[in-house]
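The chain contents come next:
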Amino acid sequence: MKMPNYAKIIAAVTAAAVVPVTVTALLSDPADVNRLMAAAITFTSQSGYITEPIEFGGGNLILYKPSPQPPAEEATAEPSETAAETPSETTSLTTEEQPLPTDTTEEQPAASDPPPSSYIITQNISPDEEDLTVFNNRDGMVEEMTFHAGEGANFITLSGGAQVRNCTELDNDFVAEQTKLLPDIKIDLSSEEPQVLIMHTHTTESYLVDGSGYYDNSYTSRTTDASQSVVAVGQRIAEKLAENGICVIHDGTLHDYPYFDGAYARSQETVKQILAAYPSIKVVLDIHRDGIEESDGTRVAAVTEINGREAAQVMIISAAQDDYYDVPNYLENFRFACLLQTSMETLNPGLTRPILFQYCQYNQHLTTGSLLIEVGSHGNTLEQALYTGELIGESIAQALLSLTD
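Asker: Just to check I follow, could you spell out the packing of aromatic side chains for this structure?
Answerer: Scanning all chains against the criterion turns up 5 aromatic pairs. Seen in terms of ring centroids, Y264 and Y362 are 5.2 Å apart; in terms of plane orientation they differ by 35 degrees. Their pairing is tilted. Linking Y264 in helix α5 (residues 263-277) with Y362 in the loop between β16 (355-359) and β17 (370-377), this pair joins segments that are 98 residues apart in sequence. Judged by its relative accessible area of 21%, Y264 falls in the partly exposed class. Since its relative accessible area comes to 30%, Y362 is described here as partly exposed. Pairing F334 with F357 gives two aromatic rings, centres 4.1 Å apart and planes at 25 degrees, and the pair type is stacked. You can see F334 sitting in helix α6 (residues 330-347) and its partner F357 sitting in strand β16, a full 23 residues away along the chain. Take F334 and F357: they sit in the same class, and that class is buried. Ring pairing ties together the aromatic residues Y330, F334 and F357, which thus form one cluster. Here R309 stacks its cationic end above the ring of Y387, 3.9 Å away from the centre of that ring.

Asker: Explanation requested: the side chain of E205 in the structure shown.
Answerer: With respect to the secondary-structure elements, E205 resides in the loop between β9 (196-199) and β10 (214-215). Those residues in contact with E205 that lie beyond four places of it in its chain are S221, R222, S229, V230, D256, H288 and R289.

Asker: Where do I start with the sheet that holds strand β13 (residues 300-306) in this structure?
Answerer: Across a sheet, paired strands are connected by hydrogen bonds in the backbone, their directions being either parallel or antiparallel. Strand order across the open sheet formed by 3 strands is β6-β13-β14, with mixed pairing between neighbours. With partners counted over all chains shown, the strands left at the sheet margins are β6 (143-145) and β14 (309-312), one partner each. Put simply, the sheet's adjacent strands are angled 45 degrees from each other on average, direction ignored. When β6 meets β13, the two strands line up parallel, connected through 3 bridges. Residue pairing in the sheet places E144 in a bridge with A301 of β13.

Asker: Would you mind going over the nonpolar core with me for this structure?
Answerer: The nonpolar side chains of a soluble globular protein tend to be buried, and buried together. If you look at the biggest cluster of nonpolar residues, it comprises 63 residues, and the most contacted ones within it are L241, F336, I373 and L400. Considering each element in turn, this core owes the most residues, 10 residues, to helix α7 (residues 382-401). What I373 contacts, discounting residues up to four positions off in sequence, is L285, D286, I287, H288, V314, M315, I316, I392 and I396. Of all hydrophobic cores here, the second largest spans 14 residues; its members include L61, L275, Y278 and I281.

Asker: Whenever I open this one, the environment of N124 confuses me. Can you help?
Answerer: Relative to the assigned elements, N124 resides in the loop between β4 (118-123) and β5 (140-141). For the pair N124 and N60, spaced 64 residues apart in sequence, the C-alpha to C-alpha distance is 9.2 Å. Of note is the side chain of N124, whose polar atom sits 2.8 Å from the side chain of D251. Among the polar contacts made by the side chain of N124, one reaches the side chain of T253 at a distance of 3.1 Å.

Asker: Got a minute to help me understand the pairing of strand β15 (residues 314-320) in this structure?
Answerer: Regular strands place their side chains on alternate faces of the sheet. Counting buried positions along β15 yields 7 of 7 residues, so the element is predominantly enclosed. Side-chain alternation along β15 places V314, I316, S318 and A320 on one buried face and M315, I317 and A319 on a second face that is also buried. Bridge count for β15 against β17 is 4 bridges, and the pairing is antiparallel. The partner of M315 across the bridge, within β17, is E374. In this view, the connection linking β15 to its parallel neighbour β16 by way of α6 has right-handed handedness.

Asker: Help me understand empty space enclosed by the protein, please; the structure alone is not making it clear to me.
Answerer: A water-sized probe rolled over the atoms picks out the places where empty space is left. For the structure shown, the criterion picks out 2 cavities of 30 Å³ or more. By volume, the largest cavity is sized at about 70 Å³. The wall of the largest cavity is formed by 13 residues, among which M199, V284, D286, Y362 and N363 lie closest to the centre. Top element by residues in the lining of the largest cavity is β17. It accounts for 3 residues. Looking at side-chain class alone, the lining of the largest cavity contains 7 nonpolar, 5 polar and 1 charged residues. The space that makes up the second largest cavity amounts to roughly 30 Å³. Taken together, S126, T203, T204, T223, T224, A226, S229, V231, G252 and L254 make up the lining of the second largest cavity. Taken together, the residues of the lining of the second largest cavity break down into 3 nonpolar, 7 polar and no charged.

Asker: Just to check I follow, could you spell out the side chain of Q178 for this structure?
Answerer: Relative to the helices and strands, Q178 is located in helix α3 (residues 172-179). Only 2.8 Å separates the side chain of Q178 from the side chain of R335, close enough to count as a polar contact. Apart from residues no more than four positions distant in its own chain, Q178 is found in contact with L331, F334 and R335.

Rules of the game
In every chain, residue numbers begin from 1 and rise along the written sequence. Given that this is a predicted model, residues contribute local features only at a pLDDT of at least 70 and side-chain atom pairs are listed and counted only at 80 or more, while totals for whole chains, interfaces and linings are drawn from all residues. Side-chain descriptors were evaluated using all non-hydrogen atoms of the structure, hydrogens and water having been removed beforehand. Only the six-membered ring of Trp is used, alongside the rings of Phe and Tyr, when aromatic pairs are assigned; centres must lie within 6.5 Å, and planes under 30 degrees apart are stacked while those over 60 apart are edge-to-face, with the rest tilted. Only DSSP runs of H or I with at least four residues qualify as helices, and only runs of E with at least two residues qualify as strands; both kinds are numbered from the N terminus onward. A 1.4 Å probe rolled over the protein chains alone gives each residue an accessible area, and that area as a share of the maximum for its type sets the label: buried under 20%, exposed over 50%, partly exposed in between. Counting as a charge over the ring demands two things of the Lys NZ or Arg CZ atom: a distance within 6 Å of the ring centre and an angle within 35 degrees of the ring normal. Whether two residues touch is decided by their heavy atoms; if any such pair falls within 4.5 Å, the residues are in contact. Two strands pair under a simple rule: DSSP has to find at least two bridges between them. Note on method: axes are straight lines fitted to C-alpha atoms, helices fitted across the in-contact stretch only, with angles between N-to-C directions ranging 0 to 180 degrees. Throughout this description, the term nonpolar core refers to a set of buried Ala, Val, Leu, Ile, Met, Phe, Trp, Tyr and Cys residues connected via side-chain atoms within 4.5 Å. Any N or O atom pair separated by 3.5 Å or less is treated as a polar contact, with the protein-specific requirement of one donor-capable and one acceptor-capable atom, and with residues adjacent in sequence counted only for side-chain atom pairs. Seen with its strands pointing away from the viewer, a crossover is right-handed if its path from the first strand over the helix to the second goes clockwise. Cavity: a set of points on a 1 Å grid over the protein atoms alone where a 1.4 Å probe fits but cannot get out. Pocket: an open set with protein on both sides within 12 Å along at least five of seven lines, its lining residues, like those of a cavity, having an atom within 4 Å of a point. Grid points are joined across faces, edges and corners, and a volume is the space filled by probe spheres set on the points. When residues are sorted by character, Ala, Val, Leu, Ile, Met, Phe, Trp, Tyr, Cys and Pro go into the nonpolar class, Asp, Glu, Lys and Arg into the charged class, and all the rest, Gly among them, into the polar class.

And the structure:
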């Protein structure tokens, strides 16, 4: 089966070996997911997870299934007489010199507590391609900046060094108490229905294509090429969730193209339609990139170093309710934001900027578990943003796994 063009960014699934076997299936409604998962084929792979792309209605479905693991007793088994007589130096044999193991997959017992099967459904991913390297004029320099913990009465520090910037009129003591509470969200790992929706209101937001340190004034930092925009970052996040057993829908509907105005109204309709089709969804993440500039127009890249690599810093925006903005579940969302922020800072200190807790809406009134996440700025490179997508995807997965039944 030939994968459609809009699935090209899925073909490079990280931390998983793409199995060169596909199953032809055209699924038309969410109920078919159960049938598909029940009939999932198990493949052997060197990776901890194997993937299988399948057409799904107007999109594409990727199955994430745990690879068969060797029996637990294999690692502690007594050595044979032959092994005992073999000098220890022979353990340094190359892969080519090692004897091939006998295929005893059917005789091996299943590993205890294997990771659950999961999947990503991608839909409405733009097939457009664009060569952004043509924007190579050096009209201005990019200033790299690492945002550290803030100081002042409205900065509230969470465990692990995470912070909240309280831009509301709510009392800081009240907000601080809310940060200590867990959200009333439960992720069901036993369900074969999607638990998380990743989408993009400003779908065309993109990044610099290289690390030259300069930007071209004619480059608008927007593209419909999904492999170079926030859609690619959303895919990295989705992959990490799926690797951890959490089923995800990733929607790439172009809400800000060809018209920017009205993007939130259009993304609201998209989210409503998906929630109606998949009422199992507990979390909605709207992935953006920020636009940070100095007063003279210099573009700023929010950068930090994680594990020896440059990563784009992250900011969560959590909407608060007032007389103008109606967000009835805002405290539930805020508690969820604090959980994610703490997870990100604990696993990768310095990755985040303080949560922006302010009066706004950003469609966070539609359901609990709704947040806006800014990954880097228009001064960051795509490579930095994609790496951050992996980091925050793992952090979000760990946070969600703490909310399972």
